Amino acid sequence: MAAPRGEFSSRFGFLMAASGSAVGLGNIWGFPTNAASNGGAAFLFTYLILAFALAYPALMAELIIGRYARANAVTALKTISVGEKTRLAAVTVGFVGIITVSFILSFYAIVSGWMIAFFFDPVARLLGMEGLATWLTTDAAVRNSLFVVVFMVLTVFIISAGVKDGIEKWASRLMPSLIIILLLLIVYVLTLPGALDGLRAYLIPDFSRVADPALLVSAMGQAFFSLSLGVGTMLVYGSYISKRENLPTIGSLVALLDVGIAVLAGMLILPAMYVALNNGVQIYDEAGGLIAGPGLIVSVLPALFETMGSIGVLVAFAFFALMTIASLTSSISMLEVPVAYGVEHHGIDRPKAAIVIGAVITVISLIIVFNFDPLFDLVVTYTTEVSQPLLGFAFCIFVAWIWRRNDILEEIKQGDPDVESGLFWKIWPFYVKYICPVAILVVYFQ
Ligand code: PHE
């Protein structure tokens, strides 16, 4: 069989790895504009409640299963199942999770590749290589393929090194850098003309917007994607947590870090957009909403950086470093899901598993790059809007309806001996049993 399993060596290491998984492209290009367009601080407030009421219980379900079973998603779900039928269901859910997360990585790598290309653009400009700079920032299949490969090589490199020397080591370096870059950028952007209008647009609450059910549903979907739920990522990271750790506490720290960094990102993105507006850059789309998603990152912000003169080169460099870090700490958590399975179930050694699985996912990415229009949106929709919620639902069912309640309690008690008398044990079992599955189905059928 395979080598002994890895373990995070410290609480800090786990927190950096798990929050690194959670904080990704979505926090930066989706959350801020969504908040600004949908009630500002009122949205933030609602999002915080949803994240803690619905996404946190599902996160805990994954962390607890993982740490109990100390295994990859397939084996872990099998371990907590009783009877033939549920075991079959466990294997199915585990596999669908592995396939889903691999497809998520295949589109994520494309977008992350753009971030690396834009990261090199200011360097090329500084060196006076205008032709190269234009090539780097022009959307084309050749450029996209090249940077998909670069990004996947980085991801495979980190995962090959294992839990402690790969994931933990790099997340512990990259996440603090991300926070520092983010704070520096916020401070700088807030000094520019127009920035305060952005802050106002972001933060002034409008409670009339947040009662909209469609908005609640989309906010919940966002919270699930943002906390990397449903596909076994948090389960696998949970399987590397020491038995001494207090799970409810570290789970809530991960959720807080994720939401906290999303909120901070808004204090950069919205002011930056209004500075851009002030400098004559278009920030609204045809429907009159704020431009979000890829358009925000690869056209609005670069246009802003260009109006800033020479300091703009530095700002662009820092910003795309931030985006690349956010992507990489998420992509490693995605690749770890199939790799852990390959290593533990088939006894393949880790570097080999990482390279082979990474190569397969790279090929899928390249197929998408060369057939972008029919495939990209399709893959995004199926993985994040169909598969992820259904898998999240299945995880809740496994924990609350199939797994023995006593085993769960015993597991949480390691590291948290008084849990039985605390608030967590009073609320959480009820939540994963009834509220989470129903809420997920509601989102799904929307
Ligand atoms: N949470 C990541 C983000 O916000 C995406 C992700 C989804 C990561 C699923 C792992 C698994 O970008």
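Refer to the structure presented above.
Please read all numbers here as calculations on a predicted model, not as lab measurements.

Scoring rules and cut-offs
- Residues numbered from 1 in each chain as written.
- Predicted model: local features only at pLDDT ≥ 70, side-chain atom pairs only at ≥ 80, totals over all residues.
- Heavy atoms only, no water.
- Near = heavy atom within 4 Å.
- Polar contact = N/O pair within 3.5 Å; in protein donor to acceptor, adjacent residues only side chain to side chain.
- Areas by Shrake-Rupley, 256 points an atom, 1.4 Å probe, with all protein chains shown as cover.
- Core = buried A, V, L, I, M, F, W, Y, C linked by side-chain atoms within 4.5 Å.
- Buried < 20%, exposed > 50% of the residue type's maximum accessible area, 1.4 Å probe, protein only.
- Contact = heavy atoms within 4.5 Å.
- Helix = DSSP H or I, 4+ residues; strand = E, 2+ residues; numbered from the N terminus.
- Phe/Tyr/Trp six-rings, centres within 6.5 Å; stacked < 30°, edge-to-face > 60°.
- Lys NZ or Arg CZ within 6 Å of the ring centre and 35° of its normal.
- Patch = residues over 30% accessible without salt bridge, like charges linked within 9 Å, V, L, I, M, F, W, Y side chains within 5 Å.
- Salt bridge = Lys/Arg side-chain N within 4 Å of Asp/Glu carboxyl O.
- 1 Å grid on protein atoms, 1.4 Å probe; cavity = no way out; pocket = protein on both sides within 12 Å on 5 of 7 lines; lining within 4 Å.
- Points joined across faces, edges and corners; volume = space filled by probe spheres on them.
- Nonpolar A, V, L, I, M, F, W, Y, C, P; charged D, E, K, R; others polar.
- Axes fitted to C-alpha atoms, helices over the stretch in contact; angles between N-to-C directions.
- Left-handed = near helix turned anticlockwise from the far one by under 90°.
- Expected span 1.5 Å × (residues − 1).

Draft legend 1. Representation of the site of the ligand. In the neighbourhood of the ligand, 16 residues make up the surrounding shell, with A22, Y108, F225, S226 and S228 lying closest. S21 is positioned such that a nitrogen or oxygen atom in its backbone is 3.1 Å from a nitrogen atom of the ligand. In this structure, an oxygen atom belonging to the ligand sits 3.0 Å away from a main-chain N or O atom of A22. Relative to its free-state accessible area of 320 Å², the ligand is covered by the protein chains to the extent of 100%.

Draft legend 2. Spotlight on the nonpolar core. Of all hydrophobic cores here, the largest spans 168 residues; its most connected members are F14, F319 and W428. Sequence-distant contacts of F319, defined by excluding residues within four places in its chain, comprise I28, L185, L268, I269, I297, L301 and F305.

Draft legend 3. How the structure looks around the side chain of N34. By secondary structure assignment, the location of N34 is in helix α3 (residues 31-37). Among the residues examined, N34 registers a relative accessible area of 17% and is labelled buried. Apart from the residues lying within four places of it in its own chain, the contact partners of N34 are F43, L215, S218 and Q222.

Draft legend 4. Expanded view of the packing of aromatic side chains. For the structure on display, the rule yields 25 aromatic pairs. Arranged with centres 6.3 Å apart and planes meeting at 40°, the rings of W114 and F372 form a pair that is tilted. Pair noted here: W114 is in helix α6 (residues 84-126) and F372 is in helix α18 (residues 372-402), with a separation of 258 residues, a long-range link. By relative accessible area, F372 is classed as partly exposed at 27%. Each ring, one from W425 and one from W428, has its centre 6.3 Å from the other, and the planes form 35°; the classification is tilted. With a gap of 3 residues between them, W425 and W428 both fall in helix α20 (residues 423-445), about one helical turn apart. In this structure W425 comes out as buried when scored by relative accessible area, which is 8%. Residue W428 is classed as buried on the basis of its relative accessible area, which comes to 4%. In this structure an aromatic cluster arises from ring pairing among F52, Y56, F424, W425 and W428. Lying over the aromatic face of W170, R173 brings its terminal NZ or CZ to 4.7 Å of the ring centre.

Draft legend 5. Spatial organisation of a nonpolar patch on the surface. Residues L126, L127, M129, L132, W135, V142, L146, V150 and L154 make up a contiguous nonpolar surface patch of roughly 820 Å² in combined accessible area. Breaking the nonpolar patch down by element, the ones donating at least two residues are α7 (130-137) and α8 (141-160). For the nonpolar patch, the leading source of residues is α8, giving 4 residues. Assignment of secondary structure puts L132 in helix α7.

Draft legend 6. View of the layout of surface pockets. Computed from the structure, the largest pocket encloses a volume of approximately 880 Å³. Lining of the largest pocket is provided by 30 residues; of these, Q222, F225, V380, T384 and E385 occupy positions nearest its centre. Those elements that place two or more of their residues in the lining of the largest pocket are α2 (25-29), α3, α6, α12 (213-226), α18 and α20. Top element by residues in the lining of the largest pocket is α12. It accounts for 8 residues. Residues of the lining of the largest pocket, tallied by class, amount to 18 nonpolar, 11 polar and 1 charged.

Draft legend 7. Broad picture of the packing of α6 against α18. Running from amino to carboxyl end, α6 crosses α18 at an angle of 145°, the nearest separation of the two axes being 9 Å. Considering how the two elements wind past one another, α6 and α18 form a crossing that is left-handed. Residue composition of the contact of α6 with α18, grouped by class: 18 nonpolar, 8 polar and no charged.

Draft legend 8. Main features of unusual backbone geometry. Although it is not a glycine, R70 adopts a positive phi angle of roughly 50°. The topology assignment puts R70 in the loop between α4 (41-69) and α5 (73-79). For R70, a relative accessible area of 22% gives the class partly exposed. Backbone geometry at S228 places phi at a positive 55°, although glycine is not the residue there. Here S228 shows up in the loop between α12 and α13 (233-238). When its relative accessible area of 9% is taken as the criterion, S228 is described as buried.

Draft legend 9. Representation of helix α16 (residues 310-346) within the structure. Counted at 1.5 Å a residue, the expected span for α16 with its 37 residues is 54 Å, and the 53 Å between its end C-alpha atoms agrees. With 30 of 37 residues buried, α16 lies mostly within the body of the structure. G347, located one to two residues past α16, shows a positive phi value of around 65°.

In short, geometric facts, not functional conclusions.
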